[in-house]
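# Residue-level structural notes
Given next are the chains, with one letter for each unit.
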Amino acid sequence: MSEGRVIKVALAGQPNVGKSTVFNLLTGLSQHVGNWPGKTVERKEGVYSHNGTEVHIVDLPGTYSLTAHSSEEVIARNYIIRDRPDVVVAVVNASSMERNLYLVAELLPLPSPVIVAVNMMDVAHQHGVNVEPEVLEAALGVPVVPMVATKNQGIRELVQAIDDLVQDGALYQPKRPEIRDDHREVLREIRDLVSPYVPEPYPEDWISLKLLEGDDEILDMMEGRVPEDVWERVHAILREHEDAVVAIASGRYEWIGRMTRAALVRPGIGQVTITERLDRWATHPVWGLLVLAGILGLVFWLTYSVGAPIQGLLETYVVGGSAQLAENVLAGAPAWLGGLVVDGVIGGVGTVITFIPILVIFFAFMGLLEDVGYMARAGYVMDRFMHLMGLHGKSFIPLFLGFGCNVPAVMGARVIESRRGHLLTIMLAPLVPCTARMMVLAYFTPLFFGAAAPLVAWGLVGLSLAVLAVSGVVINKVAFGGELSAFIMELPLYHVPNWQTIGILIWQRSLSFLKRAGTLILVVSVVLWALAALPTGEIETSFLAGMGRLMAPVGALMGLSWKMMVALFTSFIAKENAIASLAVIYGAGEEAGLAEILPQVLTPAAALSYLVVQMLFVPCVATVATVFSETNSWKWTLFNLLLLLVISFGLGILVFQIASLVT
Amino acid sequence: MGKTGVVIAASGGAHGGPTGRGRGRRLHWRRSKHVVAPEHERLAKLVREGGGYDLVEVGYDHGREPSIESAVEAVIKAGASRVVVVPAGIANSSLAEVISSEEGRHGEVDIVYAQEPADGATYADWIVSKVREHDPGYATAEAAFGLRRLGALKTGETAVIHDFDAGHTLVSRLSALGFTPGASVTMIQNYGHGPVIVSVRDTRMALGRGEAAKIRVRQVACGE
């Protein structure tokens, strides 16, 4: 029959419909995660076999519509139009069918046949909505599969429906939405004018409709193709009917109303839902903040009580152990080789490895909060505060994650749709004091400030956050013109988390960090080792020391010797390196020794300025690597580094000068 | 009470006329000297429809025809007993003089000159609001229709979306999400500050206060 056949299936759906759970069920672990060409939008692909057919699945970005509001919509529709998948599976959420079918109304006019997978049937039922799949199927004329993906229900039926549709195209008799009468004539006029210029493989009707909707991407594309005189006529029509976008959207909703009239049954039990009850607390302007503070406190506590000890164990046994092993193996080899392997390679790889526990904890929390539906609420309650920086509430969670580690913060910024908000969040993330910086802070402050140490430490954390807020306001004004994009965010219904979905998310995010940041960290670590070891093998006379001496004039302004500057540079690998390198440079046997030496060589003013710089300095290489891979731009990465360099040195100088005057 | 006429005073110079949002940028109109430019015609149409004023004319300065004077004349001839002159785009400094001399010519008619638009307001809406300021007959027609802003609904209130007072991009996003004229919206949470939560088409949506103020709603009528 269909032996050795290969088909392409695209998975489409709005956000919060459980699409990734459906994708995970279909493909299991045979997934490939990458990016869409030239975009920072994640692209997931997977394969499964059924009846000898190899089915390739592409998970399209979650979008509410197919009009170009952001790059996600453009990616989704371009894939369907250009790659012509054999089947498009539209996953919809049974508890909000009307709005979810809007995407289906947009998918049906495209060339690929559509299967509607009605997911979350159980959630809908709990909220007093019953969907009758057979009735919906009869109304739409396309296969409809009811599912509860979290309970593994309906997946076999979906696989079968895909197979049936590919085997027999005659099953597909869709009743497509049509434009309302009041705009039919206009649409025809536009089509007549532009149809000779519509490039393959775009459907002419679809292009005309998108023009009438005022879709920016299609307007740009067609303006370049249609001769000027014709375009002027098209444009005159479009200007005359600028309000068509509302009429077309209303028309789609009217169509949805007709399609679902019989298929949606509301028993109409007037009971208060779980979501309503939880939201009374979670979105309250006061209690909501307390709930948020509680949850975040828990994340902190878990990181310190679980993540940090594991990190320590890995440091001692895995990194220390392999360093020991390497030293033994390389005992007879030249000293530089031992140094390269132990300090360069193992040091670098070790840094990467010790990141893992904290990353996993944060990815797990992010995945969990996102999956149960809480994340949107956190964004909602923080929106007022984030507005001051020209950001939305949505930026809050990624920035908060920065307290654990800046890497997940930068990666988490993905949840912000607008490129502007995404970039600004990434630029600000390194200003959040991460655990490694807190460690340096915790080591230094008792040495210099005695009883006032906690006060100084909290003051420095507060300073970092104040700098973050001010930078946000300034970057927003200067680089983005202070304009704020609209805040419209769905608050999904709360539901029980799906551990498999969260597990796969943790796995993929960690892997992606290892792959992308890992290699760069290794390279930089080796380079830094070389700088510290060459040409004499002694750090005192190395290139790195030379660089430190070169920076001495700047250091002098902050009261810092070249040795302290070198410690700053080495903290580029990992912030906690600062302490270890100071020990090496000052020739202290171990950290206890350093604790006695430091107060002798540094005045409290210089120590304070060092901590200020350390807190605000260029982030560690892992963060920089992530900033680069997430912004996909050298320009923004360099801007970020420069910004932090200027801020940290500037404030360091200021603090030292003022502190010297006072003391 | 007599009718209120509207004159949209546009620049007859080289850079006349509003540029509009989005699409407007892309097109350069070659206009002939004696015709009302299409963008002004459209503006007049929007004012007629959006404000319910049937006497709306466009006049140009810089000697371009139809002139502001002839437009004032036209609305008075058509029966206006009060004329509100509103500059479309950057008003030229002599506009006030033109209007005071017109006032002298048509002694029986009240001719009012409205100030220039505030930043960000769409021209048509701004013109309508300006005319209303000077139109006692208008009273509070918006209130009479029961039109309110979505952000003004109290927690628990339900209303029907009437229209939008927003740019194309926001309208496009909102309507795709189910905020279409005729759709029923319930205010779930509104503390009078910060973003609001509304329920539309079985979905809870958080909306910024600014966005909520750009959606006009009316009371649910019987049978709706």
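Since the structure is predicted, the reported quantities are computational estimates derived from the model, not experimental observations. Here, residues in each chain are numbered from 1, in the same order as that chain's written sequence. Written order decides the labels, with chains lettered from A and ligands numbered from 1. Thresholds applied to this predicted model are a pLDDT of at least 70 for local features of residues and 80 or more for the giving and counting of side-chain atom pairs; totals over whole chains, interfaces and linings are not thresholded and use all residues. Side-chain calculation: all heavy atoms of the structure are included, whereas hydrogens and water are not.

## Brief notes about the overall build of chain A
Of regular secondary structure, chain A possesses 29 helices and 10 strands. The atom set for the radius of gyration is the C-alpha atoms, and the globule formula is 2.2 Å times the number of residues raised to the power 0.38. For 663 residues, the compact-globule estimate of 2.2 N^0.38 gives 26 Å, and the C-alpha radius of gyration of chain A, at 29 Å, lies within 12% of that figure. If one aligns the C-alpha atoms of chain A with their principal axes, the spans along those axes are about 85 × 55 × 55 Å. Think of it in three bands: residues with accessible area under 20% of the maximum for their type are buried, residues over 50% are exposed, and the middle band is partly exposed, with areas taken using a 1.4 Å probe on protein chains only. With 663 residues in all, chain A has 57% of them scored as buried. Here, Shrake-Rupley sampling with a 1.4 Å probe gives the accessible areas, and only protein chains in the shown set may cover a residue. By element, 64% of the accessible surface of chain A is carried by carbon and sulfur atoms, the whole surface being about 26,900 Å². Only four residue types enter the tally: Lys and Arg on the positive side, Asp and Glu on the negative side; His and the chain ends are excluded. Taken as the charge location is NZ of Lys, CZ of Arg, CG of Asp or CD of Glu. The positive charge centre, built from 43 side chains, and the negative charge centre, built from 59, are 2 Å apart in chain A. Secondary structure is summarised from DSSP: a helix means a run of H or I of at least four residues, a strand means a run of E of at least two, and numbering begins at the N terminus for each.

## Description of the interface of chain B and chain A
Taken together, the contact between chain B and chain A spans 41 residues of the former and 50 residues of the latter. Each partner contributes to the roughly 4,300 Å² buried at the junction of chain B and chain A, and carbon and sulfur atoms together form 54% of this total. For this document, the term salt bridge refers to a Lys or Arg side-chain nitrogen within 4 Å of an Asp or Glu carboxyl oxygen. Our enumeration of links across chain B and chain A arrives at four salt bridges. Between Asp279 of chain A and Arg204 of chain B there is a salt bridge whose closest N-O contact spans 3.0 Å. Definition of a polar contact: a pair of N or O atoms within 3.5 Å, with one able to donate and the other able to accept a hydrogen when the atoms are protein atoms, and with sequence-neighbouring residues admitted only if both atoms are side-chain atoms. In this structure, the connection of chain B to chain A is made through 17 residue pairs in polar contact (both at pLDDT 80 or more). Contributing elements (two or more residues each) for the side of chain B that touches chain A: helix H1 (38-51), helix H6 (168-176), strand E8 (196-200) and strand E9 (203-207) of chain B. Here the side of chain B that touches chain A is built from residues that sort into 16 nonpolar, 13 polar and 12 charged. Looking at chain direction, strand E10 (residues 488-491) of chain A and E9 of chain B are connected through four bridges and run antiparallel. Any two residues whose heavy atoms approach within 4.5 Å are treated as being in contact. A 1.4 Å probe defines the accessible area here, and the buried area is the portion of it lost by two parts on being joined, summed over both. For this classification, Asp, Glu, Lys and Arg are treated as charged, while Ala, Val, Leu, Ile, Met, Phe, Trp, Tyr, Cys and Pro are nonpolar and the rest, including Gly, are polar. When DSSP finds at least two bridges between two strands, those strands are taken to pair.

## Considering the nonpolar core
Counting residues in hydrophobic clusters, the biggest one holds 105 residues, and the most contacted among them are Leu428, Phe444, Leu598 and Tyr610 of chain A. In plain words, nonpolar cores are sets of buried Ala, Val, Leu, Ile, Met, Phe, Trp, Tyr and Cys residues tied together by side-chain atoms within 4.5 Å. Counting residues in each nonpolar core, the second largest holds 96 residues, with Val9, Phe23, Val104 and Val116 of chain A among its members.

## Details of the pattern of salt bridges
Residues and elements named next belong to chain A. The full count for this structure, using the stated rule, is 28 salt bridges over all chains. Across the salt bridge formed by Glu213 and Arg252, the nearest N and O atoms sit 2.8 Å from each other. Remark: Arg252 occurs in helix H11 (residues 244-260) and Glu213 occurs in the loop between helix H8 (204-212) and helix H9 (216-223); sequence separation between them is 39 residues.

## Remarks on the sheet that holds strand E1 (residues 5-13) of chain A
Neighbouring strands of a sheet are bound in pairs by backbone hydrogen bonds; such pairs are parallel or else antiparallel. Residue and element names in this part refer to chain A. An order of E2-E3-E4-E1-E5-E6-E8 is seen for the seven strands of this open sheet, with the pairing classed as mixed. The two strands at the open ends of the sheet, each matched to only one other strand, are strand E2 (31-35) and strand E8 (144-146). The sheet shows a mean angle of 25 degrees between the axes of neighbouring strands, direction not considered. Alignment of strand E5 (residues 87-93) against strand E6 (residues 114-119), held across six bridges, turns out to be parallel. Across the sheet, Val92 pairs through a bridge with Val118, a residue of E6. In this fold helix H1 (residues 19-27) packs onto E1, E2, strand E3 (42-50), strand E4 (53-59), E5 and E6, with an angle of close to 40 degrees to the strand it touches most, E3. Orientation is described by axes fitted as lines to C-alpha atoms, over the contacting stretch for helices, and by angles from 0 to 180 degrees between their N-to-C directions. Across the sheet, helix H6 (residues 155-167) touches E1, E3, E4, E5, E6 and E8, and the angle it forms with E6 is around 170 degrees.

## A few points about the packing of aromatic side chains
All names here are of chain A. Two aromatic rings, drawn from Phe, Tyr or Trp (for Trp, its six-membered ring), form a pair once their centres lie within 6.5 Å of each other, and the interplanar angle then sorts them: stacked below 30 degrees, edge-to-face above 60, tilted otherwise. Enumeration according to the criterion identifies nine aromatic pairs over all chains in this entry. Residues Phe444 and Tyr610 carry aromatic rings whose centres are separated by 5.2 Å and whose planes lie at 25 degrees to one another, so their mutual orientation is stacked. With Phe444 in helix H19 (residues 435-449) and Tyr610 in helix H27 (residues 604-616), this residue pair connects regions lying 166 residues apart in the sequence. Accessibility assignment for this pair places Phe444 and Tyr610 in one class, buried. Relative to Phe649, the ring of Phe617 lies with its centre 6.0 Å away and its plane at 25 degrees, an arrangement referred to as stacked. With Phe617 in the loop between H27 and helix H28 (621-631) and Phe649 in helix H29 (residues 634-662), the pair connects residues that are 32 residues apart, well separated along the chain.

## Some remarks on the side chain of Thr637 of chain A
Mapped onto the secondary structure, Thr637 of chain A falls in helix H29. Excluding its chain neighbours within four sequence positions, the residues that come into contact with Thr637 of chain A are Val624, Val627, Phe628 and Thr631 of chain A.

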